[in-house]
Amino acid sequence: MRIIKLFILFFFVVRLITASDFVDYVNPLMGSQSEFKLSTGNTYPVIGMPWGMNCWTPQTNKMGDGWVYNYNHYQINGFKQTHQPSPWINDYGQFSIMPVTGNKITEKQRESWFSHKSELAKPHYYSVYLADHDIFTEIAPTERAAIFRMTFPENDSSRIVIDAFDKGSFVKVIPSENKIIGYTTRNSGGVPDNFKNYFVIIFDQPFAEYRVWTGNKIIAAKEVADNHVGAVIDFKTRKGQKVHLRVASSFISYEQAELNLKELGDKSFDTIKEQGRKRWNEVLSKIDIEADLDVKRTFYSCLYRSTLFPRKFYEINSAGEVVHYSPYNGEIRSGYMYTDTGFWDTFRALFPLLNLVYPDENIKIQQGLMNTYLESGFMPEWASPGHRDCMVGNNSASVIADAILKDITPDSLHLSLYEAMIKTANDVHPEVSSTGRLGYEYYNTLGYVPYNVGIKENAARTLEYAYNDWCIYQVAKKLNRPAAETELYRTRSKNYSNLFDKSSGLMRGRNKEGDFQAPFNPLKWGDAFTEGNSWHYTWSVFHDIEGLKKLMGGREKFVSMLDSVFAVPPVFDNSYYGFTIHEIREMQIMNMGNYAHGNQPIQHMIYLYNYGGEPWKTQYWVRETMNRMYRPTPDGYCGDEDNGQTSAWYVFSALGFYPVCPGTDQYVIGSPLVNKATIKLSNGKKISITATGNNATNRYIQSMTVNGRKHQANYLDYNQLKRGANINFKMDSIPNKKRGILEKDVPYSMSMLK
Ligand code: CA
């Protein structure tokens, strides 16, 4: 009896440990083996909390370099508080901390060799052995603070260097409180003039000596403000002596930074670490999968990347109220604010993933969007932290529409968000041309942004505006807007057809006078398109694939055009850029023809075979892409990860479906990579997915059921899933060419009047 009890106890303990260890599958280094000319993710290890405001990363590159951590580098020169969404957008509000031994201050002096074999990167914990200093450093973050634990050798000149970075910084040492405060102003744009990140650092032991520095000069003083300043704190350490630092910062004030420091309280390093682990497990456990170990590692690494952005940019004041520094007008305002995401990327799969699995977070994000409008007069398109001039489209319309149509956004916000969508759709930001709609005057009168009026990437803009108009049209219908208004956006959402060139069967830039651009090379990247060519962008008719099919000449022609994407060799014309941008190189080397999964415009295209009645081709290519383009390794992505978008593609695809058209209530079916999955919805319901007979060979859906009923359609219904559902796939090595082939099996298209 006793033995049995012990055995049962042991069994439960084992179960508890294995059931709560989602975070252990995450590799934050996935995608970090990247550089300017070739991206395998262009990520860095984000050590932080889900959607956390302040994150940390080891820094291997020099200050200001967007490739802050490169897996191929051998030396670390600091641990940086970071808010960087991507190397192309770069960082803001940054400062670093570095323990050393000996008289070292500058990046070059203080850098230390390290090995990935003595490094441990987890979402909630990072540690590394700094060999040149014989110091073991550990970091455990909260949402706005972090605790450091540094284990020193026996040394008379142990030191901690604080680097507040250049372009205007300040430090002040307060020895009586073992404290350093300061600010950094270093940013890469998108901030008002009064922008500062105020930091506070508290040591757990008195300073033997303290000084400040400016440039590379040490000064015996308590404080200094200059272009590039920092502080040095000296200790005499015995072997194994641990020094703890409690660090927090605020975009509002020093006082608020002290309040943010309360996230740590007087908790120990190990308690904070455990707390972080629990929080990550809570978020990652919303999707519990059974799959091969490599798939699990890839899946949870992708789910981690999908739950980092957009970042919180709000703080909790002394009265317990949500407040934020406005990156739009520099004021301290009440309410939520999120940032560090480009909607051109993330409208596609990342926001639909939030809406399905993490709607509570998106409620706050939508409130933040409303605040952005109130503070800047526009919806953001690429925010970091304020409006940044990057990419094209007006895809905030999609981000807002999907949340309203799925009943996630509170009703009280619907009308004001709708009005903000309308304003943003019919205007352009006076200083940031990618905010609002550049070329809206042309688009609203001609039905397209012309090729020959000096607006670059005009065809891409037109196609995205047309889809964005469909999003507005859907919200207008839901809110019972006047018929003329609803009709206007319905009509405009057909504007994609204005760019369809019958002679090539592809989308093509069109001149103001009505003729198409000439010469036209469908393999030319950029120019009329954005980081892609006509073969990639022709499919950007998310809301009306049926209409596109008709333009192309019917089902068979449509499918053969899809086939061609993979059949056309990866030849390219890079003349618009003058060199081979990394996105082109990533297409060229993948052995998938002209399919460019490494960039966003084409990421939904594989799913379009479902609209052509040949779902088995989706099933083939989606597995090919998951198997070959994603690995839980430092070179694990096939191009820029881009703030959760490329990761969310994998998360959805591995589960067996994908949101081709955000704003509809449909997910288009692919081929599940998992053997089983349970999605725990926020309303307490569950979606259970089983893929019977699933393996590497059996990638085709032989048959499937939803809630026990035979399911022939090539899509799943959001409202059905939301009520809880059992989805059963029966997998086979041979395609079932009789399944999903009828007109009624095809997913939503506007032209089908469903
Ligand atoms: Ca990209």
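Conventions and cut-offs
- Residues numbered from 1 in each chain as written.
- Predicted model: local features only at pLDDT ≥ 70, side-chain atom pairs only at ≥ 80, totals over all residues.
- Heavy atoms only, no water.
- Helix = DSSP H or I, 4+ residues; strand = E, 2+ residues; numbered from the N terminus.
- Buried < 20%, exposed > 50% of the residue type's maximum accessible area, 1.4 Å probe, protein only.
- Contact = heavy atoms within 4.5 Å.
- Areas by Shrake-Rupley, 256 points an atom, 1.4 Å probe, with all protein chains shown as cover.
- Lys, Arg positive; Asp, Glu negative; His and termini not counted.
- Charge placed at Lys NZ, Arg CZ, Asp CG, Glu CD.
- Pairing = 2+ DSSP bridges.
- Axes fitted to C-alpha atoms, helices over the stretch in contact; angles between N-to-C directions.
- Parallel < 35°, antiparallel > 145°, perpendicular 65-115°, else oblique.
- Left-handed = near helix turned anticlockwise from the far one by under 90°.

A.B. asks: Where do I start with the overall build of the protein in this structure?
C.D. replies: Broken down by element type, the protein carries 20 helices and 36 strands. Projected onto its principal axes, the C-alpha positions of the protein cover 80 × 75 × 50 Å. Counting every position in the protein, which comprises 754 residues, the buried fraction comes to 64%. Sequence separation of at least 24 residues holds for 70% of the intrachain contacts in the protein that already meet a minimum separation of 6. When the accessible surface of the protein is totalled, it reaches about 26300 Å², and 51% of it is carbon and sulfur. The averaged location of the 79 negative side-chain charges in the protein is 6 Å from the averaged location of its 83 positive side-chain charges.

A.B. asks: Explain the sheet that holds strand β36 (residues 725-732) to me, please; I cannot follow it from the model alone.
C.D. replies: Whenever strands of a sheet pair, they do so through backbone hydrogen bonds, lying parallel or antiparallel. Overall, mixed pairing links the 6 strands, which are arranged β19-β31-β32-β36-β33-β34 in an open sheet. The strands lining the two open edges of the sheet, one partner per strand, are β19 (287-290) and β34 (709-710). The pairing of β19 with strand β31 (residues 676-680) spans 4 bridges and is classified as antiparallel. Residue pairing in the sheet places Ile-287 in a bridge with Ile-679 of β31. Along the sheet, helix α19 (residues 645-655) contacts β19, β31, β32 (686-692) and β36; its crossing angle with β19, the most-contacted strand, is approximately 55°.

A.B. asks: What's the story with the packing of helix α8 (residues 359-376) against helix α9 (residues 396-405) in this structure? I'm lost.
C.D. replies: Relative orientation and spacing of two packed helices are given, respectively, by the angle between their axes and the distance between those axes. As a packed pair, α8 and α9 sit with axes 11 Å apart at the nearest point and diverge in direction by 130°. As judged from the angle between their axes, α8 and α9 are oblique. In this structure, the crossing between α8 and α9 has a hand that is left-handed. Taken together, the residues of α9 that come into contact with α8 (itself represented by Asn-362, Gln-366 and Leu-369) are Val-399, Ile-400 and Ala-403.

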